[in-house]
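Structural features, examined
The chain contents come next:
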Amino acid sequence: MSKQWFGWAGCILRVNLTTGEISKEPLDPELARAYLGQSGINAKLLYDLVTPGLDPLSADNPLIFGVGPLGGSLAPCSGRFTVTSKSPLTGIFGDSNCGGHWGPELKNAGYDHIVITGRAEHPVYLWINDDRVELRDARKLWGKTTWETDELIRTQLSQPTAQVACIGPAGENMVRFAAIICNLARAAARTGLGAVMGSKNLKAVVVKGDKGMGVANSERFSEVVHQSVADIQEDPLYGVATTFGTTAITGLAQMLGFLPTRNFQASTFEEAENLRGEVLLEKHVTKHKGCFNCPVSCSRFYKVAEGEYKGTVGEGPEYESVSALGSKCGNGNLPSILHANTLCNQLGLDTISCGNVISWAMEAYQRKIINPLDFAGVELDWGNHRTINELIVQIAHRQGLGDILAEGTLRAARKLGGEEFAVHSKGMDYPAVDVRGTKGMALAFSVSPRGADHLKGLPLYEVAPEIYQNDIKTEIDIDITPAYWSEYNTKAKLISWHENWHCVVDSLGLCKLEGIAIKPLKPKHFQQLLSAATGWDISIEELEAIGERIWNLERLFGVREGIRRDDDLPPARLYNEPVATGPAAGERLDHDKYEAMLNEYYDLRGWDKTTGIPLRERMQRLGLEKELAQALAVPVVKG
Amino acid sequence: MALIKEQVVSVTVKYYVLFCIAADYCKIEAFQLKGPSDLGVLLDIICAKYGPQFHQHVFGADGRLKSTAWFIINGKKIDSESLFSVSLTDGDEVIISSPLLVGG
């Protein structure tokens with residue numbers, strides 16, 4: 001089945017948990033040509049399988065795993081995989097991209113995608129060992145943490161190097177922002193797909209493969225790989241990335257005034273010095289750690305050696321987690337953040353949504369919307385790190401206030417009050433950038449098809465323009481100015497370009513830390529790597545068009561569920577409340593300027609400016625006429 | 001004869017990211033500048049104190065300021081063109097940092 005393929009394994013595995021039926025089918029070459037792989041093909045499979053209005057936690061909602069044509073290859077940073085489903089958090093398109101070693105193992109086992117449907121009668125896990133695929137009883141694993149599950153399964157199978165992607169109690173209890181965890185700390189976390197797994201009684205997907213993969217032109221591929229690695233290592237910021245990973249951002253965010261603090265009530269934090277990556281490195285990091293075939297190794301193992309949280313060990317945390325469980329909650333206690341990060345990984349929670357919903361609850365308490373007496377006296381004062389850690393456990397187990405917070409910020413706000421300070425887009429919590437000072441990111445977070453999102457359209461060039469000004473000019477033909485990040489002009493062009501290429505990167509199976517979001521790997525690298533690996537004759541322009549197709553398909557998924565222009569606006573707080581202190585003091589989003597930027601974005605995208613619906617002409621060009629017709633055939637019912 | 005009191009300018013320097021490591025994990029440090037008090041003078045003092053490992057993060061092999069060396073005074077990023085001649089005044093806070101990706 002796979003001999004004709006280079007790059008791809010050439011096989012889709014389908015598993016019906018209701019009937020126990022397992023089948024394999026060849027990957028359609030036309031599908032690969034149109035959507036590349038991983039997140040792109042996942043999106044197409046999802047679009048075709050989901051009917052509008054489907055309950056994301058119903059048996060009919062498919063859960064799709066995918067790895068790209070470069071995934072598991074010698075291409076640098078090729079350890080990614082994507083999980084895709086209809087999101088239980090947002091009710092629209094959901095996907096999450098994850099590193100580690102699970103994705104390459106799936107490719108080694110001979111599969112590009114796994115499509116899981118139905119619901120098992122009792123907890124099971126899926127065991128894939130090359131051609132042998134079976135569902136195994138997981139009743140004794142139910143209730144276990146992700147760390148326990150990972151260890152128990154590998155021991156039970158006598159497969160110490162098997163790769164385990166599993167859920168913890170949060171996924172089992174269908175917390176709407178539950179994560180899927182692999183390698184103990186790598187998380188497919190955003191959009192709550194761990195809850196979909198829990199709804200299916202699926203505890204884990206375990207993979208061990210020995211087939212390897214082939215490339216079409218090994219000599220040329222090796223040449224491009226070496227050049228790509230050299231370009232990564234020669235990047236001016238390589239030293240920062242490999243030493244600190246994303247935690248270096250904490251100090252920068254404070255310095256430039258975009259560090260979300262107390263649920264976005266401020267954008268600088270008076271205790272930020274305690275949270276800097278430098279402090280983490282000096283006091284807690286024990287060793288650096290990398291994902292599959294990564295020359296950067298941006299992650300780190302940590303240990304808390306003394307104090308209240310003595311004994312805490314784990315991996316990470318990323319900047320997003322430091323902010324979500326730290327500054328957003330007014331918490332300047334770094335050891336407590338490390339403990340909270342470990343808890344989230346063990347219980348299987350998205351640290352971003354978890355931190356955000358707790359920070360929202362703290363503000364609701366500040367505004368006397370939440371009465372502690374109604375919830376066993378929980379103390380929700382800002383910076384109370386013990387409460388943060390207690391609430392994480394309560395959320396995962398749906399206990400007390402945690403049961404309400406487990407529904408996510410928007411649903412909790414609608415139940416208890418306080419929706420005006422729920423900082424979200426399309427129901428997903430905001431990442432750790434106060435976008436009142438960074439107008440392009442405001443647009444990127446708002447138009448993302450999966451809700452507020454720093455990864456789909458991240459315009460890194462916006463925050464470090466002088467480093468990348470030549471690239472901005474060469475790649476996007478934009479002339480920057482010294483105050484570029486606070487401007488509205490040209491941002492629509494900047495964002496749409498990033499969105500297209502991020503779709504490509506996520507579909508090839510590479511990591512965005514080194515591709516597009518930061519300079520080293522550029523479109524020419526992707527084209528050369530893909531061409532050498534697969535034997536395809538493909539141009540940079542054709543690749544970008546595939547990215548545009550994927551982006552529009554994800555948009556059409558939202559349109560089919562009722563997403564319109566109103567859903568592409570930032571949360572009210574960011575319009576109405578100027579930044580109070582710090583370097584961005586006085587900044588807020590200007591309504592008219594934002595709307596003009598959105599109009600420009602719709603023009604570039606070929607979307608209707610009144611509704612935000614993609615127009616027929618552009619969809620015809622992208623080969624999405626049928627999908628557009630399906631999206632328009634559904635009457636709009638908005639909740 | 002009237003005594004001319006030598007002017008002393010006190011500034012605080014914060015070291016971020018690789019500059020923090022190059023400064024032996026020093027995160028914040030006070031300096032008192034006597035005589036000329038511009039950023040160039042301050043940088044000379046710091047580079048002399050922390051040696052070649054610090055210097056190489058600020059300057060390239062050609063002796064030019066690296067694009068990855070950012071200087072922020074009182075929250076405002078200083079343009080590299082005029083960097084060395086920027087005057088410092090008493091109480092200024094100087095941050096030395098690299099720009100970085102946003103993600104995670």
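Here, residues in each chain are numbered from 1, in the same order as that chain's written sequence. Labels follow written order: the first chain is A, the first ligand is 1, and so on. Reporting of local features is limited, given that this is a predicted model, to residues whose pLDDT is at least 70; pairs of side-chain atoms are given and counted only at 80 or more, and all residues count toward the totals for whole chains, interfaces and linings.

Considering the overall build of chain A
Elements are defined by DSSP. Helices are runs of H or I of four residues or more, strands are runs of E of two residues or more, and each kind is numbered from the N terminus. A count of helical and extended segments in chain A gives 25 helices and 17 strands. This radius of gyration counts C-alpha atoms alone. The globule rule is 2.2 Å times how many residues there are, raised to the power 0.38. Radius of gyration (C-alpha) of chain A: 23 Å, near the 26 Å computed for a compact globule of 639 residues. In terms of overall dimensions, chain A has a C-alpha envelope of 65 × 60 × 55 Å along the principal axes. With C-beta atoms placed from the backbone, a residue is labelled by how many other C-beta atoms lie within 10 Å of its own: buried for 20 or more, exposed for 12 or fewer, partly exposed between the two. Evaluated residue by residue, chain A yields a buried proportion of 63% over its 639 residues. A separation of at least 24 residues holds for 70% of the contacts in chain A among residues at least 6 apart in sequence. Note on contacts: each residue gets a C-beta atom placed from the backbone, and two residues are in contact if those atoms are within 7 Å.

Some words on the environment of Thr351 of chain A
Residues and elements named next belong to chain A. For Thr351, the position within the fold is in helix 13 (residues 351–366). C-alpha of Thr351 to C-alpha of Ala178: the two residues are 173 residues apart in sequence and 9.3 Å apart in space. When near neighbours in sequence (up to four residues on either side) are disregarded, Thr351 contacts Ala189, Glu320, Ser321, Ala324, Leu325, Asn341 and Cys344.

Regarding the sheet that holds strand 2 (residues 22–26) of chain A
Residue and element names in this part refer to chain A. The strand order across the open sheet formed by six strands is 2-1-6-3-4-5, and the pairing between neighbours is mixed. Pairing within the sheet leaves two strands with one partner each, and these edge strands are strand 2 and strand 5 (93–98). For this sheet, the mean inter-axis angle between neighbouring strands, taken without regard to orientation, is 15 degrees. Two strands form a pair only when DSSP identifies at least two bridges running between them. In this structure, strand 3 (residues 63–66) lies alongside strand 6 (residues 113–117), joined through four bridges in antiparallel fashion. Looking at strand 6, one finds that Leu63 is bridged to Ile116. With axes taken as lines fitted to C-alpha atoms, and helix axes fitted only over the stretch in contact, angles between N-to-C directions fall between 0 and 180 degrees.

Structural notes on the nonpolar core
All names here are of chain A. Buried Ala, Val, Leu, Ile, Met, Phe, Trp, Tyr and Cys residues form a nonpolar core when they are connected through C-beta atoms within 7 Å. Tyr125, Val175, Val206, Leu349, Ala361, Ile392 and Leu405 are the most contacted members of the largest nonpolar core, which has 225 residues in total. For every domain, the bounds stem from an assignment made automatically or drawn from a database. Counting the residues that make up this core, at least three belong to each of domain 1 (1–217 + 428–639) and domain 2 (235–422). Excluding residues within four positions of it along the chain, Leu405 makes contact with Val357, Ile358, Ala361, Leu391, Ile395 and Ala412.

Description of helix 17 (residues 439–447) of chain A
Residues and elements named next belong to chain A. Counting buried residues in helix 17 gives nine out of nine residues, a clear majority hidden from the surface. Listing the buried residues of helix 17 in full gives Lys439, Gly440, Met441, Ala442, Leu443, Ala444, Phe445, Ser446 and Val447. Turning to helix 17, the residues buried within the fold contact strand 16 (424–425), helix 19 (491–508), helix 22 (572–576) and helix 23 (591–605).

A word on the sheet that holds strand 15 (residues 313–315) of chain A
Residue and element names in this part refer to chain A. A sheet is described by the order of its strands in space; here three strands give the open sequence 13-14-15, paired in antiparallel fashion. Edge positions in the open sheet fall to strand 13 (285–289) and strand 15, since each of these has one partner strand only. Between one strand axis and the next, the sheet turns through 15 degrees on average, direction left out of account. Pairing between strand 14 (residues 299–303) and strand 15: three bridges, direction antiparallel. Residue pairing in the sheet places Phe301 in a bridge with Glu315 of strand 15. Here helix 12 (residues 334–347) sits on the sheet and contacts strand 14 and strand 15; the angle it forms with strand 15, its principal contact strand, is near 70 degrees.

Quick word on the domain arrangement of chain A
Residue and element names in this part refer to chain A. According to the domain assignment, chain A contains domain 1 (1–217 + 428–639) and domain 2 (235–422). Put simply, the middle of domain 1 and the middle of domain 2, counted by C-alpha atoms, are 23 Å apart. Facing 56 residues of domain 1, the contacting portion of domain 2 comprises 48 residues. Contributions of two or more residues to the side of domain 1 that touches domain 2 are made by helix 4 (146–157), helix 5 (169–172) and helix 22. With three residues, the top contributor of residues to the side of domain 1 that touches domain 2 is helix 5. Each residue belonging to the side of domain 1 that touches domain 2 can be placed in one class, and the counts come to 32 nonpolar, 16 polar and eight charged. Under the grouping applied here, Gly and all other residues not named as nonpolar or charged are polar, the nonpolar ones being Ala, Val, Leu, Ile, Met, Phe, Trp, Tyr, Cys and Pro and the charged ones Asp, Glu, Lys and Arg.

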